[in-house]
Amino acid sequence: MTETLAGVAFPLAAAAALVASFVLATRLERLAERWHLSEVMLGLVIALAADSPEITSAITASVHGQRNIGAGVVLGSNVFNLAALLGLGAMVAGRIALHRRVVLVEGLVAVWTALVTVLVVCLGVAVGVGLALELVAIIPYVIVSAAPTGGLAARLPKGATSWLQAALDEEAIELSDSLHPTKTSRSDGLVAVIAMAVVVGSSIVMERSGQRLGTEFHLSALVVGGVVLAAVTSLPNAVGAIYLARRGRGSAVLSEATNSNMLNVLAGFLLPGVFVGISATSGSGTLVATWYAALTLLCLLIAFARRGMSWAWGAVIVAGYVAFVALAVTR
């Protein structure tokens, strides 16, 4: 791919991903309404669909031998997600309201994932061990999120079941004040699949053209992967979260943010790392991993203490991301 072609392809692919991601978010919200999914599951479904650019770009870069860029896309996307989905989402919506039990349900897996990432990237723990540790948290989380509370009653202690029911009730309180889709269509599923295909295709184009432009302008792998590609490939997630935040679906926004980061680490970093390996620990990798972990903790502490994310605290999170970009560019 020539520099001229890359310069044209990159913005066109980004624009296509933006439009397709908005369509994807609206159609998935309609499908969730039809299937009576919880807010946590809605966030998980949107995260799973909208994560395709980050994961596809990371795997594409790793397969082409650019493991530094591949890891940078995943971990840099996680930093961007926190700023764009929670920080910018709160700024655009004015406030993201959350109950503390909901924050705890989502936060436990989010913190665990961030710590596993630090262990692998910063402390050199084997990627296979990291994958096993991540699955220890993910499997119970998905089971609890997907199963009706009544179905869990026979498997969990009574106190745990009551606590989970209370969390779901608080989630329902948030949902009662939110906006719901006014109509659904039989074509929603097909349109969502087409939109996701456009997002995936656009992400591949963005990764290849972005890498070519980065080489042309002599940008470091940290800047190309951890900043440029990480931000651009995370746009579908940001669009989906801002859409949900403006409609008052705070639990879904938090779920999308935490699940997006969890899926990035699992499918874009740990799983590929088992087969193609990961780059040796470096200063840039440590920077991204520790910033991701620190910003995760900050977001969750704010959300728990303030029962959500206000405009002002959202601005603080965005400022944290700006500081990360400044450090990455100047390294």
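Structure: above.
As a further point, take unusual backbone geometry. Here R307, not a glycine, exhibits a phi torsion of approximately 55 degrees, which is positive. By secondary structure assignment, the location of R307 is in the loop between α13 (283-305) and β2 (308-310). For R307, a relative accessible area of 43% gives the class partly exposed.

Moving on, we come to the side chain of E256. By the secondary structure assignment, E256 is in helix α12 (residues 250-276). When its relative accessible area of 0% is taken as the criterion, E256 is described as buried. Here the side chain of E256 touches A241 through a polar contact of 3.3 Å, landing on its backbone nitrogen.

What follows is about the nonpolar core. Counting residues in hydrophobic clusters, the biggest one holds 73 residues, and the most contacted among them are L86, L270 and M309. Top contributing element to this core by residue count: helix α4 (residues 67-93), with 12 residues. Setting aside chain neighbours within four positions, we find L86 in contact with N81, I96, V253, L254, A257, C299 and M309. Ranked by size, the runner-up nonpolar core spans 7 residues in total, among them L24, L28, A192 and A195.

Here the focus is the environment of G240. Here G240 shows up in helix α11 (residues 235-246). Measuring from C-alpha to C-alpha, the distance between G240 and L85 comes to 8.3 Å, with 155 residues separating the pair along the chain. In this structure G240 touches A25 and E256, once residues within four positions along its chain are discounted.

Next up on the list: the packing of aromatic side chains. Across all of its chains, the model carries 3 aromatic pairs by this definition. Taking the centre distance of 5.5 Å and the plane angle of 75 degrees together, the rings of F80 and Y321 count as edge-to-face. One end of the pair, F80, is in helix α4; the other, Y321, is in helix α14 (residues 311-330), and 241 residues separate them in sequence. Y321 shares its class with F80; the two are buried. Grouping aromatic residues by their ring pairs yields a cluster made of F80, W291, Y321 and F324. Seen from the ring of F304, R100 lies directly overhead, with NZ or CZ sitting 5.0 Å from the centre.

Here we take up the environment of V265. By secondary structure assignment, the location of V265 is in helix α12. Using a relative accessible area of 0% as the deciding quantity, one classes V265 as buried. Placed 194 residues apart in sequence, V265 and A71 show a C-alpha to C-alpha distance of 9.1 Å. Excluding anything up to four places from it in sequence, V265 contacts V74, N78, T113, T117, L270 and Y292.

Another aspect to go through is a nonpolar patch on the surface. Side chains of L135, I139 and I143 sit close together on the surface and give an oily, nonpolar patch of about 240 Å² of accessible area. Summarising the element assignment, I139 is placed in helix α6 (residues 127-146).

To continue, consider the packing of helix α5 (residues 100-121) against α12. It is at 10 Å that the axes of α5 and α12 come closest, and there the two elements cross at 25 degrees. Taken together, the axis directions place α5 and α12 in an arrangement best described as roughly parallel. Viewed along their axes, α5 and α12 form a crossing whose handedness is left-handed. Facing V102, V103, E106, V109, A110, T113, V116, T117, V120 and V121 of α5, the residues of α12 in contact are S251, L254, S255, T258, N259, N261, M262, V265, F269 and L270. For the contact of α5 with α12, the class distribution of residues is 12 nonpolar, 7 polar and 1 charged.

Enumeration according to the criterion identifies 1 salt bridge in this entry. A salt bridge links R27 to D188; the shortest N-O distance between them is 2.9 Å. Note that R27 is positioned in helix α1 (residues 3-35) and D188 in helix α9 (residues 188-216), a separation of 161 residues in sequence.

Another point: the packing of α11 against α12. Orientation of α11 relative to α12, taken along the N-to-C sense of each, is 160 degrees, at an axis distance of 8 Å. Judged by the angle between their axes, α11 and α12 are roughly antiparallel. Crossing of α11 over α12 shows left-handed handedness. Facing N237, G240, A241, L244 and A245 of α11, the residues of α12 in contact are A252, V253, E256 and S260. Along the lines of polarity and charge, the residues of the contact of α11 with α12 split into 5 nonpolar, 3 polar and 1 charged.

Attention shifts here to α11. The end-to-end C-alpha distance of α11, which contains 12 residues, comes to 16 Å, matching closely the 16 Å that a straight helix rising 1.5 Å per residue would cover. Of all 12 residues in α11, 10 are buried; the element is thus mostly enclosed. Within α11, burial applies to P236, N237, A238, V239, G240, A241, I242, Y243, L244 and A245. G248 lies just past α11 and shows a positive phi near 75 degrees.

Here is what the cut-offs are and how they apply
- Residues numbered from 1 in each chain as written.
- Predicted model: local features only at pLDDT ≥ 70, side-chain atom pairs only at ≥ 80, totals over all residues.
- Heavy atoms only, no water.
- Helix = DSSP H or I, 4+ residues; strand = E, 2+ residues; numbered from the N terminus.
- Buried < 20%, exposed > 50% of the residue type's maximum accessible area, 1.4 Å probe, protein only.
- Polar contact = N/O pair within 3.5 Å; in protein donor to acceptor, adjacent residues only side chain to side chain.
- Core = buried A, V, L, I, M, F, W, Y, C linked by side-chain atoms within 4.5 Å.
- Contact = heavy atoms within 4.5 Å.
- Phe/Tyr/Trp six-rings, centres within 6.5 Å; stacked < 30°, edge-to-face > 60°.
- Lys NZ or Arg CZ within 6 Å of the ring centre and 35° of its normal.
- Patch = residues over 30% accessible without salt bridge, like charges linked within 9 Å, V, L, I, M, F, W, Y side chains within 5 Å.
- Areas by Shrake-Rupley, 256 points an atom, 1.4 Å probe, with all protein chains shown as cover.
- Salt bridge = Lys/Arg side-chain N within 4 Å of Asp/Glu carboxyl O.
- Axes fitted to C-alpha atoms, helices over the stretch in contact; angles between N-to-C directions.
- Parallel < 35°, antiparallel > 145°, perpendicular 65-115°, else oblique.
- Left-handed = near helix turned anticlockwise from the far one by under 90°.
- Nonpolar A, V, L, I, M, F, W, Y, C, P; charged D, E, K, R; others polar.
- Expected span 1.5 Å × (residues − 1).

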